[in-house]
Amino acid sequence: MFGKKSATIWGKFDTLLCDLDGVIYEGTDAIVDAVESINAFMSSGLPVGYVTNNSSRKPETVAAQLASFGIQTDSENIIGSAKTGVDILATLIPAGAKVLVVGGEGLRSRVVEAGFELVKSSDDKPAGVIQGFDPSIAWTDLAEAAYSITNGAKWVATNQDWTIPREKGIAPGNGTLVSAVHTAVGQLPIVAGKPEVAIYKTATDHFGSKQPIFVGDRIDTDIRGANRAGIPSVLVMTGISTRKEVLGVKKEDQPNFIIGTLAELLAEYDEPKKTKRGYSCKGAEVELLGNKVLVTQGDPKSMGALRAACAVIYNSDTPIYGLDVEPALYE
């Protein structure tokens, strides 16, 4: 449906930026419609980049995983929080200083590439601590980070995602590990990844995009960060955030678009349309009757009903806690 080198999404957006976990894959499993949709865009000439808070692996390793699903991309198109985190750390400590890494190979390799000296113990008096997700992190790693920070080391976290989608379900993310160190040291780190703006700027600068669009599955990181960066945001309902969450978000966290899977990026987007007492979308109609948000037509579980209900709630003068939302919309 797109011409080579002139492809856009919905006739406007010239670059597709995606989160990975919960959008493209869950652990070692590809998410429904993700591979086919990404390949359709790439074959049309649309630039596709991947912006991830997961710093545990090298970009080359992530690119290899995508290739195993059938998505071919250069490792430089993997924009990770490890690089942004190390760039921030470099502004806080001297060049070549000792750094204690709590994280995976992807983060360690970035620290070495930046010219810092890797150390494993607080006894080595590191000038900096950088913390990212890795499933092999142990209590001893968190303890060494706490000892180092207490002794004056500058502390940077790649991200604060509370959860991460895995093959078996939702697991604790880097935010839980950062919180453990925070509890011990009584201070918070500087955070590099989403929802902070720096990682989005890295991605848009890399592609030189004029009108990018960002797709993520997490309201508190992906959508909030894209909104902060001034990039139109798309919430895809294949990962962490639920229908109940998106119905009740604050204004600064409201996505510009809501889709069920990435395949919906390939068709025209049906915007909710104003009706007498509410909004309609894709055969569903949701109305605000007094303080009740009710589905008056169509399937409450449909994507049209969710979009229409969000439009009703987002445009209401009554805050969400004052509204009685029909449970069928989110249960």
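Calculation notes
Residues numbered from 1 in each chain as written. Predicted model: local features only at pLDDT ≥ 70, side-chain atom pairs only at ≥ 80, totals over all residues. Heavy atoms only, no water. Core = buried A, V, L, I, M, F, W, Y, C linked by side-chain atoms within 4.5 Å. Buried < 20%, exposed > 50% of the residue type's maximum accessible area, 1.4 Å probe, protein only. Helix = DSSP H or I, 4+ residues; strand = E, 2+ residues; numbered from the N terminus. Contact = heavy atoms within 4.5 Å. Pairing = 2+ DSSP bridges. 1 Å grid on protein atoms, 1.4 Å probe; cavity = no way out; pocket = protein on both sides within 12 Å on 5 of 7 lines; lining within 4 Å. Points joined across faces, edges and corners; volume = space filled by probe spheres on them. Nonpolar A, V, L, I, M, F, W, Y, C, P; charged D, E, K, R; others polar. Arc of directions from axis to C-beta. Axes fitted to C-alpha atoms, helices over the stretch in contact; angles between N-to-C directions.

## A short note on the nonpolar core
Item 1. Grouped together as the largest cluster of nonpolar side chains are 57 residues, with contacts concentrated most on L16, I24, Y50 and L265.
Item 2. Of all the elements, helix α10 (residues 303-314) adds the most residues to this core, at nine residues.
Item 3. If near-sequence neighbours (up to four positions away) are discounted, L265 is found in contact with I9, W10, L16, F41, V215, V234 and I259.

## Looking at the pairing of strand β4 (residues 48-52)
Regular strands place their side chains on alternate faces of the sheet.
Item 1. Where burial is concerned, most of β4 is hidden: five out of the five residues are buried.
Item 2. Here β4 shows no split at all, with V48, Y50 and T52 on one side and G49 and V51 on the other all buried.
Item 3. As paired elements, strand β1 (residues 15-18) and β4 share three bridges and run parallel to each other. Across the sheet, L17 pairs through a bridge with G49, a residue of β4.
Item 4. In this structure, β4 lies alongside strand β5 (residues 78-80), joined through three bridges in parallel fashion. The partner of V51 across the bridge, within β5, is I79.

## Some points on empty space enclosed by the protein
Item 1. Taken as a whole and assessed by the stated rule, the structure comprises three cavities of 30 Å³ or more.
Item 2. Of the pockets and cavities examined, the largest cavity occupies roughly 150 Å³.
Item 3. Contributing to the lining of the largest cavity are 18 residues, with D21, N53, N54, D161 and I164 lying nearest its centre.
Item 4. Contributions of two or more residues to the lining of the largest cavity are made by β10 (163-166) and α8 (219-229).
Item 5. The leading source of residues in the lining of the largest cavity is β10, at three residues.
Item 6. Considered as a void within the structure, the second largest cavity measures approximately 100 Å³ in volume.
Item 7. For the lining of the second largest cavity, the secondary-structure elements that each account for two or more residues are α2 (59-69), β5, α3 (81-90) and α4 (105-113).
Item 8. Tallying contributions element by element places α3 first for the lining of the second largest cavity, with three residues.
Item 9. Each residue belonging to the lining of the second largest cavity can be placed in one class, and the counts come to four nonpolar, six polar and four charged.

## Structural notes on α2
Item 1. Listed as buried for α2 are P59, V62, A63, Q65, L66 and F69. Buried residues along α2 cover an arc of 155° about the axis, so they all sit on one side.
Item 2. Once α2 finishes, G70 follows within two positions and takes phi at roughly 110°, a positive value.

## Brief notes about the sheet that holds strand β7 (residues 117-119)
Item 1. One open sheet holds the five strands; their spatial order is β7-β6-β8-β9-β12, and the pairing between them is parallel. The open sheet has two free edges, formed respectively by β7 and β12 (190-191), since each of these has just one partner strand.
Item 2. In terms of strand pairing, strand β9 (residues 154-157) meets β12 through two bridges, oriented parallel. Within β12, the residue paired with A157 across the bridge is V191.
Item 3. Packed on one face of the sheet, α4 meets β6 (98-102), β7 and β8 (128-131) and runs near 165° to β6.

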